[in-house]
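Fold and contact review
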Amino acid sequence: MNMDHFGHLTLLWPRMLWLYLLVPVLVLLYVRLLARRRRVAASYPSLDLVGAAVGDSRMRRHLPAVILLLGLCAMLFAVTRPQAVVKLPSRLETVVLAMDMSGSMRADDVKPSRMVASQTAAKAFIDDQPHNVRLGIVAVAGAAALVQSPTRLREDATAAIDNLQIQRGTALGSGLIISLATLLPAADLDVEGLISGRPTYGAVPPKVDPEAPPATPGSNRSVAIVLLSDGQSNTGPDPMKIVDVAASHGVRIYTVGVGTNEGATLSVDGWSMRVRLDDEALKKIASASGGEYFRADNAKELKKIYQSLAMRLAYDKEEPMEVSALFVALGAMLTMVAALLSMWWFGRIL
């Protein structure tokens, strides 16, 4: 199928653009028509052949013709069969929010703190989700736990986020495998084995149908994981190994980085350490799973990111749709307006 691009549209029959060569011909005919009327009016000054147009302004005299020409151009464009890419509602059913609750989330490089800003933004994300989407909450620290199983009750998910507490350590890999097992209970994932690093059957369970093609990353559009973290994992399984498991099941992981490259200094039990945002780790997680990475340097930006992410999850499917009928309707409407104005002002059509 031969398709050329025309701005944000795609033309199925771009060769039909040659019809626009008729536009200057129509303009020339209109100019000759006006000249003929002037000659007739000059030859018979006693006749009111030009109607009310004689005393009208130049704009009013030519406006119906201009509108008619625009209408014809719209109809000619419809002949090229334009297509537009439209966003369609997704078939998303379940989202798990995996929230980093490690000590580094106390840092105040995102005001008032990474923890408070992430909780506020996460609650806004929950409110923006369609009512049919179930939401689960996983707390990620030195260990990971499902603190709210997937539910459509927004108040339960919000309460779970409010009850999250800072803990020691960061096991992003554990958080991801708990999230994945929550989304895919029928997949029979070896959660304990993957967390300990000694899975009983490897990273991915044996297939029920060995001849079935493997899932491509991001192909499962009914579920998604949203990981909010500063990206620094210091315990538990390698996050990228768990990402491979998610990718093999087609599950997307969207990562939201909270913090700044400069970071902040934390003092804990007499020790001081500097915690920074690890962009690269979060980018790799998102890219390998078919998701997307977002970064927030402040609380306001973090909230906007969650709002944008909510919209992307709600309308994650793009499909080309022919919009020729819209241009035909526009052309017909403009033609009708031109005819009505001409009859109203001059008592004739052009």
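Below or above, wherever it landed, is the structure these notes cover. Note that the structure is a prediction, hence the values are computed from the model and not measured.

Notes on the overall build of the protein
Each helix and strand counted, the protein has 10 helices and 12 strands in total. The 350 residues of the protein split such that 44% are buried. Intrachain contacts of the protein at a sequence separation of at least 6 include 77% that bridge at least 24 residues.

Here we look at the pairing of strand 6 (residues 144–151)
Within a regular beta strand, the side chains point alternately toward one face of the sheet and then the other, so they alternate between its two faces. Note: strand 5 (residues 134–140) against strand 6, 5 bridges, orientation antiparallel. Bridge pairing links I137 to Q148 in strand 6.

Section: the packing of helix 5 (residues 172–183) against helix 7 (residues 239–248)
Between helix 5 and helix 7, the shortest axis-to-axis distance is 8 Å and the interhelical angle comes to 20°. Here helix 5 lies roughly parallel to helix 7, going by the angle between them. The two elements helix 5 and helix 7 meet at a crossing, and its hand is left-handed. Facing helix 5, whose interface residues are L172, G173, L176, I177 and L180, helix 7 presents P239, I242, V243, V245 and A246.

Here we look at the packing of helix 3 (residues 114–128) against helix 4 (residues 154–162)
Contact pair helix 3 / helix 4: the axes reach a minimum separation of 10 Å and the direction vectors enclose 170°. The pairing of helix 3 with helix 4 is recorded here as roughly antiparallel in orientation. Contact residues: helix 3 offers Q119, A122, K123 and I126, while helix 4 offers R154, A157, T158, I161 and D162. Class assignment of the residues belonging to the contact of helix 3 with helix 4 gives a composition of 4 nonpolar, 2 polar and 3 charged.

Here's the deal with the pattern of salt bridges
A complete count under the given rule lists 7 salt bridges for this structure. Among the ionic pairs, R114 bridges to D109, the shortest N-O distance being 2.8 Å. Owing to a relative accessible area of 0%, R114 belongs among the buried residues under this scheme. Two residues, K123 and D162, come together in a salt bridge whose shortest N-O distance is 2.8 Å. Of the two residues, K123 sits in helix 3 while D162 sits in helix 4, which places them 39 residues apart along the sequence. A single salt-bridge network, built from bridges that share partners, covers D109, R114 and D230.

A short note on the sheet that holds strand 11 (residues 293–296)
Note: strands within a sheet are paired through backbone hydrogen bonds, in either parallel or antiparallel orientation. With respect to topology, 6 strands assemble into an open sheet ordered 6-5-4-7-8-11, the strand pairing being mixed. Since the sheet does not close on itself, it has two edges, and those belong to strand 6 and strand 11, each with one partner. When strand polarity is set aside, the average angle formed by the axes of neighbouring strands in this sheet is 15°. Relative to strand 11, strand 8 (residues 252–258) runs parallel, the two sharing 4 bridges. The partner of V258 across the bridge, within strand 11, is A296. Contacting strand 4 (94–100), strand 5, strand 7 (223–229) and strand 8, helix 3 runs over the sheet at an angle of about 170° to strand 4. Strand contacts of helix 5: strand 4, strand 5, strand 6, strand 7 and strand 8, with the helix running at about 155° to strand 7, the strand carrying the most contacts.

What counts, and where the lines are drawn
Residues numbered from 1 in each chain as written. Predicted model: local features only at pLDDT ≥ 70, side-chain atom pairs only at ≥ 80, totals over all residues. Heavy atoms only, no water. Helix = DSSP H or I, 4+ residues; strand = E, 2+ residues; numbered from the N terminus. Buried < 20%, exposed > 50% of the residue type's maximum accessible area, 1.4 Å probe, protein only. Contact = heavy atoms within 4.5 Å. Pairing = 2+ DSSP bridges. Axes fitted to C-alpha atoms, helices over the stretch in contact; angles between N-to-C directions. Parallel < 35°, antiparallel > 145°, perpendicular 65-115°, else oblique. Left-handed = near helix turned anticlockwise from the far one by under 90°. Nonpolar A, V, L, I, M, F, W, Y, C, P; charged D, E, K, R; others polar. Salt bridge = Lys/Arg side-chain N within 4 Å of Asp/Glu carboxyl O.

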